[in-house]
Amino acid sequence: MKKELIILRNSFSLYIMTFVRMVFPLITLPYLTRVLSYEAYGTVNYINSVMTYIHLIIDFGFLLSATAEISKNRDDAKKVSAIISNVIFAKVILAILSFIILIILCCFIPLLQKELMFVFLSFLSNIISIFLLDFFFQGIEEMHILTIRFILTQTISTTLTFLFVRGDQTLIYIPILNLISTGIAAIFSVNEILLKYKIKLVRPSFKEAITRIRISFIYWISDISSTIFTALNTLLIGIYMSATDVALWSISLQIILTIQKLYTPITNSLYPYMIREPCFKLIKKVLIIFLPIVSIGCLLLWILSGWILTILGGEKYIAAIYILRSLVPLTFLSFPALLFGWPVLGAISKVKETSISTIMAAITQIICLLCLIITGNFRIINIAYARTISESILLVTRLFFTFKNRHLFIDNKSKSKIL
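Residues numbered from 1 in each chain as written. Predicted model: local features only at pLDDT ≥ 70, side-chain atom pairs only at ≥ 80, totals over all residues. Heavy atoms only, no water.

K.L.:
Any chance you could explain the overall build of the protein here in plain terms?
P.N.:
On a plain count of helices and strands, the protein comes out with 19 helices and 0 strands. Its C-alpha atoms give the protein principal-axis dimensions of about 55 × 50 × 35 Å. Contacts spanning at least 24 positions in sequence make up 84% of the contacts within the protein whose residues lie at least 6 apart. Accessible surface for the protein amounts to roughly 18700 Å². Of this, 71% is attributable to carbon and sulfur atoms. Counting 37 positive and 20 negative side-chain charges, the protein places the averaged centre of each group 6 Å from the other. (Helix = DSSP H or I, 4+ residues; strand = E, 2+ residues; numbered from the N terminus. Contact = heavy atoms within 4.5 Å. Areas by Shrake-Rupley, 256 points an atom, 1.4 Å probe, with all protein chains shown as cover. Lys, Arg positive; Asp, Glu negative; His and termini not counted. Charge placed at Lys NZ, Arg CZ, Asp CG, Glu CD.)

Here it is, written out as structure tokens:
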């Protein structure tokens, strides 16, 4: 199959999944914002922010490092079996470590102490996610399997949410339903690997698992740094502001993240192919096609921000309009910043540079937040501006590294100008 058809097929599958990933939260979001109080909705998002870090510890960048290994060894069944088995074992080791960290956090953060059962059930979902094995399906470029699985589980989860979550008193059902849907997804994934692809798991090696953690560390640094852009902001708002502020920030950020999900099918489908054939002309075509679309989308988001907030959250969330509009530039910058990350720099083995760019942006974000706290200007609007500044640093740094290493693309062997 031609490269264009493979990328098109995978992009189409991922876009279906992305569309579903957008639609289901947009169905449940208006419901939850109406049946839950500001405090309850803020609590849910706060705990989810903590769980984002827990998930990153368990996943530890394997979605990138293991995907690359599977892609390179996809025709060697024995090698693939060893990769999967040792990655699972490595995640189990990391899960034990993350549980210890979570216990420590619960001892010092009152909001977590108040909702211990919610926290524990959310953690169990992260444990079960070890067996989702997305890195395998992305490595063999069978994205449609991820799409089918996601549609199935989200349909179940969304339906059960409407049936059981009726107010603050039923808040505990949210992590329970998430646990159920994650469990179904894990069963589906393991069944596909064992029965359809005839993958036989082998006895893992502790030494090999540690080696894989070490190799994946540079990918994890990039992931954990990028998470500072989202989860850290929410955590600090929860510490220095009220649950109401967390709710207003969360609904605005949810809208931005939903839009950014539209970008991931492009980058995820490009990444495995670019590893094998790093062709910059393909990246230029993607930019030419999608940047105008992104620009139009940003303009519409600004114009319709009030209407969008009213539809999703109700009249009480119209107060977040200034937050949402302040995040519009971020929506535009994040597309090229994401594209020039792993699909471009990662594909030409510039893993270190990719991570450095993310770390530099994360440091910028942290410095901005510290300055806001020290000067007494820690307000949501300023946090949004700081987030845009850090994203700009991310994009500029990645463009610099791409230009510096332009000779590594296969369509530039003569070292002719690409950028």
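K.L.:
So what exactly am I meant to see when it comes to the nonpolar core here?
P.N.:
For soluble globular proteins, the rule of thumb is that nonpolar side chains tend to be buried together. In this structure, I84, F136, W249 and I283 are the most contacted members of the largest nonpolar core, which totals 107 residues. With 11 residues, helix α2 (residues 38–59) is the largest single contributor of residues to this core. Not counting chain neighbours up to four residues away, the residues in contact with I84 comprise I70, L133, F135, F136, I193, I199 and L201. (Core = buried A, V, L, I, M, F, W, Y, C linked by side-chain atoms within 4.5 Å. Buried < 20%, exposed > 50% of the residue type's maximum accessible area, 1.4 Å probe, protein only.)

K.L.:
How do you make sense of empty space enclosed by the protein when you look at a structure like this?
P.N.:
To find leftover empty space, a probe the size of one water molecule is rolled over the atoms. Scanning all chains against the criterion turns up 2 cavities of 30 Å³ or more. Lining the second largest cavity, in full, are F62, S65, A66, E69, V87, R212, I215 and S216. Looking at the lining of the second largest cavity, the elements that each hand over two or more residues are α3 (62–72) and α10 (206–240). Of the residues forming the lining of the second largest cavity, the biggest block, 4 residues, is contributed by α3. Its residues assigned to classes, the lining of the second largest cavity shows 4 nonpolar, 2 polar and 2 charged. (1 Å grid on protein atoms, 1.4 Å probe; cavity = no way out; pocket = protein on both sides within 12 Å on 5 of 7 lines; lining within 4 Å. Points joined across faces, edges and corners; volume = space filled by probe spheres on them. Nonpolar A, V, L, I, M, F, W, Y, C, P; charged D, E, K, R; others polar.)

K.L.:
Help me understand the layout of surface pockets, please; the structure alone is not making it clear to me.
P.N.:
Counted as a void, the largest pocket has a volume near 510 Å³. Taken together, 23 residues make up the lining of the largest pocket; nearest its centre are M22, I259, L262, G297 and L301. Of all elements in the fold, only α1 (3–35), α11 (243–260), α13 (280–303), α14 (305–313) and α16 (328–339) reach the threshold of two or more residues within the lining of the largest pocket. Looking at the lining of the largest pocket element by element, the count peaks at 7 residues for α13. When the residues that make up the lining of the largest pocket are grouped by side-chain class, the tally is 20 nonpolar, 3 polar and no charged.

K.L.:
Looking at this structure, how should I read the packing of helix α4 (residues 77–108) against helix α6 (residues 116–128)?
P.N.:
The description of two helices packed together rests on the angle between their axes and the distance between the axes. One can describe the packing of α4 onto α6 by two numbers: an axis separation of 11 Å at closest approach and a directional angle of 165°. Taken together, the axes of α4 and α6 lie roughly antiparallel to each other. The hand of the α4/α6 crossing is right-handed. For the pair formed by α4 and α6, the contact residues are A95, S98, F99, L102 and C106 on the first element and L116, V119, F123 and I127 on the second. Its residues assigned to classes, the contact of α4 with α6 shows 8 nonpolar, 1 polar and no charged. (Axes fitted to C-alpha atoms, helices over the stretch in contact; angles between N-to-C directions. Parallel < 35°, antiparallel > 145°, perpendicular 65-115°, else oblique. Left-handed = near helix turned anticlockwise from the far one by under 90°.)

K.L.:
Explain the environment of S349 here, please?
P.N.:
Tracing the chain through its elements places S349 in the loop between α17 (341–345) and α18 (351–374). Taking relative accessible area as the criterion, S349 reaches 60% and is therefore assigned exposed. Along the backbone, S349 and R325 are 24 residues apart, and their C-alpha atoms lie at a distance of 37 Å.

K.L.:
I'm lost on the packing of α2 against α6 in this one. Help?
P.N.:
Where α2 contacts α6, the axes come no closer than 10 Å and their chain directions differ by 35°. Viewed along their axes, α2 and α6 form a crossing whose handedness is right-handed. Contacts between α2 and α6 involve V44, I47, M51, I54, H55 and I58 on the former and, on the latter, F118, V119, S122, F123, N126 and I127. Broken down by class, the residue content of the contact of α2 with α6 amounts to 9 nonpolar, 3 polar and no charged.

K.L.:
Before we go on, may I ask you to explain helix α12 (residues 264–276) in this structure?
P.N.:
Side chains three or four residues apart in an α-helix point the same way, a direct result of the helix having 3.6 residues per turn. Across its 13 residues, α12 extends 19 Å between first and last C-alpha, which sits within 8% of the 18 Å expected from 1.5 Å per residue. Along α12, the largest kink reaches about 30° and is centred on L270; proline P272 follows within four residues of it. Along α12, 10 of the 13 residues are buried, which leaves the element largely enclosed by surrounding structure. (Expected span 1.5 Å × (residues − 1). Bend = angle between axes of the 7 residues up to and from the residue.)

K.L.:
Please explain the side chain of E192 as it appears in this structure.
P.N.:
Residue placement: E192 occurs in helix α9 (residues 173–196). Despite its burial, E192 pairs with no opposite charge, the nearest such side chain being K196 at 4.1 Å. Excluding anything up to four places from it in sequence, E192 contacts F137, I145 and Y197. (Salt bridge = Lys/Arg side-chain N within 4 Å of Asp/Glu carboxyl O.)

K.L.:
Just to check I follow, could you spell out helix α8 (residues 143–164) for this structure?
P.N.:
For α8, which comprises 22 residues, the first-to-last C-alpha distance of 32 Å matches the rise-based estimate of 32 Å (1.5 Å per residue) to within 8%. If you check which residues of α8 are buried, you get M143, I145, L146, T147, R149, F150, T153, Q154, S157, T158, L160 and T161.

K.L.:
Can you help me understand the packing of aromatic side chains in this one?
P.N.:
What characterises a pair of aromatic rings is the spacing of the ring centres plus the angle enclosed by the ring planes. Evaluation of the coordinates by the stated rule reveals 19 aromatic pairs. Each ring, one from Y38 and one from Y317, has its centre 5.3 Å from the other, and the planes form 70°; the classification is edge-to-face. Of the two residues, Y38 sits in helix α2 while Y317 sits in the loop between α14 and α15 (321–326), which places them 279 residues apart along the sequence. Look at Y240 and F378: their rings are 5.4 Å apart centre to centre, the planes differ by 55°, and that puts the pair in the tilted class. Taken together, the positions of Y240 in helix α10 and F378 in the loop between α18 and α19 (380–404) put the pair 138 residues apart, joining distant regions of the chain. Taken together through their ring pairs, the aromatic side chains of F60, F62, F217 and W220 make up a single cluster. Against the face of W302 rests R325, its NZ or CZ located 5.1 Å from the ring centre. Lying over the aromatic face of F403, R406 brings its terminal NZ or CZ to 4.0 Å of the ring centre. (Phe/Tyr/Trp six-rings, centres within 6.5 Å; stacked < 30°, edge-to-face > 60°. Lys NZ or Arg CZ within 6 Å of the ring centre and 35° of its normal.)

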